Amino acid sequence: ETGVTQTPRHLVMGMTNKKSLKCEQHLGHNAMYWYKQSAKKPLELMFVYSLEERVENNSVPSRFSPECPNSSHLFLHLHTLQPEDSALYLCASSQVTVNEQFFGPGTRLTVL
Amino acid sequence: GDSVTQMEGPVTLSEEAFLTINCTYTATGYPSLFWYVQYPGEGLQLLLKATKADDKGSNKGFEATYRKETTSFHLEKGSVQVSDSAVYFCALRDTGTASKLTFGTGTRLQVTL
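Here's a quick rundown of the structure. (Residues numbered from 1 in each chain as written. Chains lettered and ligands numbered in written order. Predicted model: local features only at pLDDT ≥ 70, side-chain atom pairs only at ≥ 80, totals over all residues. Heavy atoms only, no water.)

Inspection of every chain in the model, using the stated rule, returns two disulfides over all chains. The partner cysteine of C23(A) in its disulfide is C91(A), sulfur to sulfur 1.9 Å. Looking along the S-S bond of the C23(A)-C91(A) disulfide, the torsion reads about -75 degrees, which is the left-handed sense. Remark: C91(A) occurs in strand β9 (residues 87-94) and C23(A) occurs in strand β3 (residues 18-25); sequence separation between them is 68 residues. A relative accessible area of 0% means that C23(A) is categorised as buried. A residue is classified by how much of its surface remains accessible, and C91(A), at 0% relative accessible area, is buried. Here C23(B) connects covalently by a disulfide to C90(B), the sulfurs 1.9 Å from one another. Between C23(B) and C90(B), the S-S torsion sits near -70 degrees, and that sign places the bridge as left-handed. Of this pair, C23(B) sits in strand β4 (residues 23-26) while C90(B) sits in strand β10 (residues 86-93); the two residues are 67 residues apart in sequence, bridging distant segments of the chain. A single burial state applies to C23(B) and to C90(B), both of which are buried. (Disulfide = S-S within 2.5 Å. Helix = DSSP H or I, 4+ residues; strand = E, 2+ residues; numbered from the N terminus. Buried < 20%, exposed > 50% of the residue type's maximum accessible area, 1.4 Å probe, protein only.)

Across the contact, 22 residues belong to chain A and 19 residues belong to chain B. At the boundary of chain A with chain B, total buried surface from both sides reaches about 1600 Å², with 51% on carbon and sulfur atoms. Together, L43(A), N99(A) and F103(A) form the three largest contributors to the area buried by chain A at its contact with chain B, with a combined 34%. For the interface between chain A and chain B, the tally reads zero salt bridges. Our count for the contact surface shared by chain A and chain B stands at three residue pairs in polar contact (both at pLDDT 80 or more). Elements with a minimum of two residues in the side of chain A that touches chain B: β4 (31-37) and β9 of chain A. Residue composition of the side of chain A that touches chain B, grouped by class: 11 nonpolar, six polar and five charged. (Contact = heavy atoms within 4.5 Å. Buried area = accessible area lost by both parts, 1.4 Å probe. Salt bridge = Lys/Arg side-chain N within 4 Å of Asp/Glu carboxyl O. Polar contact = N/O pair within 3.5 Å; in protein donor to acceptor, adjacent residues only side chain to side chain. Nonpolar A, V, L, I, M, F, W, Y, C, P; charged D, E, K, R; others polar.)

Below, the discussion takes up the environment of Y89(A). Residues and elements named next belong to chain A. Positionally, Y89 belongs in strand β9. Residue classification places Y89 among the buried residues on the basis of a relative accessible area of 0%. Linking Y89 and Q25, residues 64 residues apart in sequence, is a C-alpha distance of 15 Å. Look past the residues within four positions of Y89 in its chain and what remains in contact with it is Q6, L21, W34, Y35, K36, M46, F64, L76, G106, T107 and L109. Reaching out from Y89, the side chain makes a polar contact with the backbone oxygen of D85 at a distance of 2.6 Å.

All names here are of chain B. Spatially, β3-β9-β8-β7 is the arrangement adopted by the four strands of the open sheet, whose pairing is antiparallel. For this open sheet the edge positions go to β3 (19-21) and β7 (56-59), each flanked by a neighbour on one side alone. Put simply, the sheet's adjacent strands are angled 15 degrees from each other on average, direction ignored. (Pairing = 2+ DSSP bridges. Axes fitted to C-alpha atoms, helices over the stretch in contact; angles between N-to-C directions.)

The next thing to look at is the pairing of strand β12 (residues 107-112) of chain B. Residue and element names in this part refer to chain B. On β12, burial follows the alternation: T107, L109 and V111 on one face are buried, whereas R108, Q110 and T112 on the facing-out side are not. The pairing of β10 with β12 spans three bridges and is classified as antiparallel. For V87, the partnering residue across the bridge sits in β12 and is R108.

Structure (structure tokens):
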């Protein structure tokens, strides 16, 4: 595997389900990010982890819970989501001191 | 706060036409500017970047010049191809904001034969 991978690529869940999104980066980076991409809206930065510590949480509802067990892995735990949470969730990674972020292909989430 | 404004799409062009996608920004410091591209079913890929005023970023025939006086970073290509069909995102990273990127809403480009 190379670059940034995300699993699953597609997820359909009910509002009472609990699921997790997984991201793995194979680039030796030390910062990881979760973004939400909704139609006709700018990418929304959700969480930033730098050196495995959460350094940013942009007022994301508590039904989204991130976890970064090491510098290569990032999870987004989901529970009791709402239909408006349906979106493409993108993971990215970078070196903290470098501008460029590398993105994964995303998980297309549909909440019924 | 920081913001990025892009022209609304979709932009539909014939192959070999000239492309311009406008991007303007608002930032408090001296930002770095980026264009990312998203092909169908994929994540975002960095297309080009510029880190200071008057820099020109270029890649795959695309160019953009960092214009501080007009706070703009317009994307151009002299002759588009069908394979350039994608969504293009303008973004900035302001000074003092670690690795946070602020994105525009994206502009969909459709190139036809």
